[in-house]
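What follows is the residue order along each chain.
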Amino acid sequence: MQGDSPQSLRNRKKDREDDDDSAPTPAPPQPPKNKWKNAWTRFLFSVPMIGGFILILWLGPFYVALLVCFRFTCEMKHRTHDTILQDYLNKLANYHRFISYWMYLGGFIAFVLSLQKKKYMVQFTLFGWTHIVLLCCVVQSHLIIQNCFEGLYWLLYPASMVICNDIMAYFFGFFFGKTPLIKLSPKKTWEGFIGGFFATMVFGVIVSKTMYQFKHLICPVEFDGSSLVISNCDPGYVFNQQTFNVPSGIQGILSLFGITWSSVSLRPIHFHGAVMAMFASLIAPFGGFFASGFKRAFKLKDFGDLIPGHGGVIDRMDCQFLMGTFVFVYYYSFIKSVSVNSVLQIIYGMPGESQVDLYNALGEHLSSRGLL
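Residues numbered from 1 in each chain as written. Predicted model: local features only at pLDDT ≥ 70, side-chain atom pairs only at ≥ 80, totals over all residues. Heavy atoms only, no water.

1. Topic: the environment of Trp261
At step 1: Looking at the secondary structure, you find Trp261 in the loop between helix H11 (248-255) and strand E6 (263-266).
At step 2: With a relative accessible area of 48%, Trp261 lands in the partly exposed category.
At step 3: Apart from residues no more than four positions distant in its own chain, Trp261 is found in contact with Val246, Gln251 and Leu254. (Helix = DSSP H or I, 4+ residues; strand = E, 2+ residues; numbered from the N terminus. Buried < 20%, exposed > 50% of the residue type's maximum accessible area, 1.4 Å probe, protein only. Contact = heavy atoms within 4.5 Å.)

Laid out in structure tokens, this is it:
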């Protein structure tokens, strides 16, 4: 424009360059040779990753929890194997929430006392980042461990669906992908997203019918007073065949097609599995999109280079944390029920005198009802 100084023109040009840098730019298309090379690399390193995960599952819930959160399970290991520290650690376990809260308060007070003039913005930015890390890592790891202790099924089944969705979305996008899905991740396509959805739904039905046959997977982990064991449980309502009446409205719709169903017989886990499969294929990928945006903000390709073709460990777990949190919320909202095993776990944590009082009171109650 006329009247602009050379300095203002240079500043305007620099602002346009900054805007161009901040806007997401699609990745250039890969040559066919590099595309197949990357796919082959991903495949080669996927096999040992899946094999290692299966090995950890075979070793048991302790090692699964160790995989999720090392420090938490180190304390648990001492509690179950070190008889000298067992009583001491049991007492700490009873009050670990209270202790943890006061440790947090100590850090909070120290932060307030450390605030310095002209450094407020930097300090509060770091304070915010610290809480984001706690939310995304510590809290979600804790929830995933709780899923594991309710039965390895509630860890393995949703995790396998996320893995399936990731593989099948990559497969469909690799061969059929043409329409970009989201600017944050230019390689993601609608074809891969939709293909991954249908493949995950089918996979969820097939795997669910296989997994619930193994009590090692569906029975919760218990503390029997000396060690952690997988209980020999009754599969329970959710895994057993149930008969459900078909609503009259749906019966009317089915009758138009010559179908006369008044009731259906199925296992509730099939319905819950379908819900988890939909979440794994429609919502969980947004954890990956979030991670992609985070990496683009810092101009990173991957979070690490530990696994060739995949990136770092976080690159493989970005969707799993979102899925694990959903399973925890869903399980405790719609599936969890009071059982004899869960009551026994509470009784085992009571003092000996209280256990005796409970035994006497329960005996009197059952005798009065003529059950003893």
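Structure's up, so let's keep going.
2. Quick word on the packing of helix H8 (residues 153-176) against helix H12 (residues 268-282)
At step 1: One way to put it is that H8 packs onto H12 with a least axis distance of 9 Å and a crossing angle of 45°. On the basis of their axis angle, the class for H8 and H12 is oblique. Taken as a pair, H8 and H12 cross one another with a handedness that is right-handed. Together, Tyr153, Trp154, Tyr157, Met161, Val162 and Asn165 of H8 and Ile269, Gly273, Met276, Ala277, Ala280 and Ser281 of H12 make up the contact between the two elements.
At step 2: Of the residues belonging to the contact of H8 with H12, the class tally is nine nonpolar, three polar and no charged. (Axes fitted to C-alpha atoms, helices over the stretch in contact; angles between N-to-C directions. Parallel < 35°, antiparallel > 145°, perpendicular 65-115°, else oblique. Left-handed = near helix turned anticlockwise from the far one by under 90°. Nonpolar A, V, L, I, M, F, W, Y, C, P; charged D, E, K, R; others polar.)

3. Some words on the side chain of Ser208
At step 1: With respect to the secondary-structure elements, Ser208 resides in helix H9 (residues 190-211).
At step 2: Of the polar contacts made by the side chain of Ser208, one reaches the side chain of Tyr153; its length is 3.4 Å.
At step 3: Excluding anything up to four places from it in sequence, Ser208 contacts Tyr153, Tyr157, Ile269 and His270. (Polar contact = N/O pair within 3.5 Å; in protein donor to acceptor, adjacent residues only side chain to side chain.)

4. Points about the pattern of salt bridges
At step 1: The tally for this structure, following the rule as stated, stands at one salt bridge.
At step 2: Across the pair Lys336 and Glu150 runs a salt bridge whose closest N-O atoms are separated by 3.2 Å. With Lys336 in the loop between helix H14 (313-335) and helix H15 (340-348) and Glu150 in the loop between helix H7 (120-149) and H8, this residue pair connects regions lying 186 residues apart in the sequence.
At step 3: Here Lys336 falls in the partly exposed class, since its relative accessible area comes to 32%. (Salt bridge = Lys/Arg side-chain N within 4 Å of Asp/Glu carboxyl O.)

5. So, the pairing of strand E2 (residues 185-189)
At step 1: As defined by bridge partners, strand E1 (residues 180-182) adjoins E2 across two bridges and the pair is classed as antiparallel. Among the inter-strand pairings, Ile182 is bridged to a residue of E2, identified as Ser185.
At step 2: What sits between E1 and E2 in their antiparallel hairpin is a turn of two residues. (Pairing = 2+ DSSP bridges.)

6. As for the nonpolar core
At step 1: Ranked by size, the top nonpolar core spans 34 residues in total, and within it Tyr153, Trp154, Phe239, Met276 and Met323 carry the most contacts.
At step 2: Elements that contribute at least two residues to this core include exactly H7, H8, H9, helix H10 (215-218), H12 and H14.
At step 3: Element by element, the count of residues in this core is highest for H14, at seven residues.
At step 4: In this view, Tyr153 contacts Pro158, Ser208, Met211, Tyr212, Leu217, Ile218, Phe239 and Ile269; residues no more than four positions away in its chain are not counted. (Core = buried A, V, L, I, M, F, W, Y, C linked by side-chain atoms within 4.5 Å.)

7. What to know about the environment of Phe197
At step 1: Secondary-structure assignment places Phe197 in helix H9.
At step 2: Taking the C-alpha atoms as reference points, Phe197 and Ala169, 28 residues apart in sequence, are found 7.8 Å from one another.
At step 3: In contact with Phe197, not counting residues within four places along its chain, are Asn165, Met278, Ser281 and Leu282.

8. Brief notes about helix H16 (residues 352-368)
At step 1: Helix length check: H16 (17 residues) gives 25 Å between terminal C-alpha atoms against 24 Å at 1.5 Å per residue, within 8%.
At step 2: Gly370 lies just past H16 and shows a positive phi near 75°. (Expected span 1.5 Å × (residues − 1).)

9. Considerations on the packing of aromatic side chains
At step 1: Under the counting rule described, the total for this entry stands at 25 aromatic pairs.
At step 2: Taking 5.7 Å as the distance between ring centres and 80° as the angle between the ring planes, the aromatic pair formed by Trp129 and Phe294 counts as edge-to-face. Highlighted residues: Trp129 in helix H7 and Phe294 in helix H13 (residues 285-297), separated in sequence by 165 residues.
At step 3: Using a relative accessible area of 27% as the deciding quantity, one classes Phe294 as partly exposed.
At step 4: Between Tyr170 and Phe174 the ring centres are 5.9 Å apart and the planes differ by 35°, which places this aromatic pair in the tilted class. Placement of the pair is Tyr170 and Phe174 together in helix H8, with a separation of four residues, close to one helical turn.
At step 5: Members of the aromatic cluster, each reached through a chain of ring pairs, are Tyr153, Trp154, Tyr157, Phe239, Phe328, Tyr331 and Tyr332. (Phe/Tyr/Trp six-rings, centres within 6.5 Å; stacked < 30°, edge-to-face > 60°.)

10. Considering unusual backbone geometry
At step 1: Positive phi is not limited to glycine here, since Lys118 has a value of about 75°.
At step 2: With respect to the element layout, Lys118 can be found in the loop between helix H6 (96-113) and H7.
At step 3: For Lys118, a relative accessible area of 82% corresponds to the exposed category.

11. So, the confidence of the model for the chain
At step 1: Mean pLDDT for the chain: 77, with 70% of residues reaching 70 or above.
At step 2: Looking over the chain, one finds the lowest element-wise mean pLDDT in helix H4 (residues 70-81), namely 39, and the highest in H12, namely 93. (pLDDT = per-residue confidence, 0-100.)

12. Quick word on the packing of H6 against H7
In a pair of packed helices, the angle between the axes and the distance between the axes together describe the arrangement.
At step 1: Look at H6 against H7: their axes get within 12 Å of each other, and the N-to-C directions meet at 165°. Of the possible angle classes, the one that applies to H6 and H7 is roughly antiparallel. Here H6 and H7 pass one another in a crossing that is right-handed. For the pair H6 and H7, contact is made by Tyr104, Phe108 and Phe111 and by Gln123, Phe124, Phe127 and His131, respectively.
At step 2: Looking at the contact of H6 with H7, its residues break down into five nonpolar, two polar and no charged.

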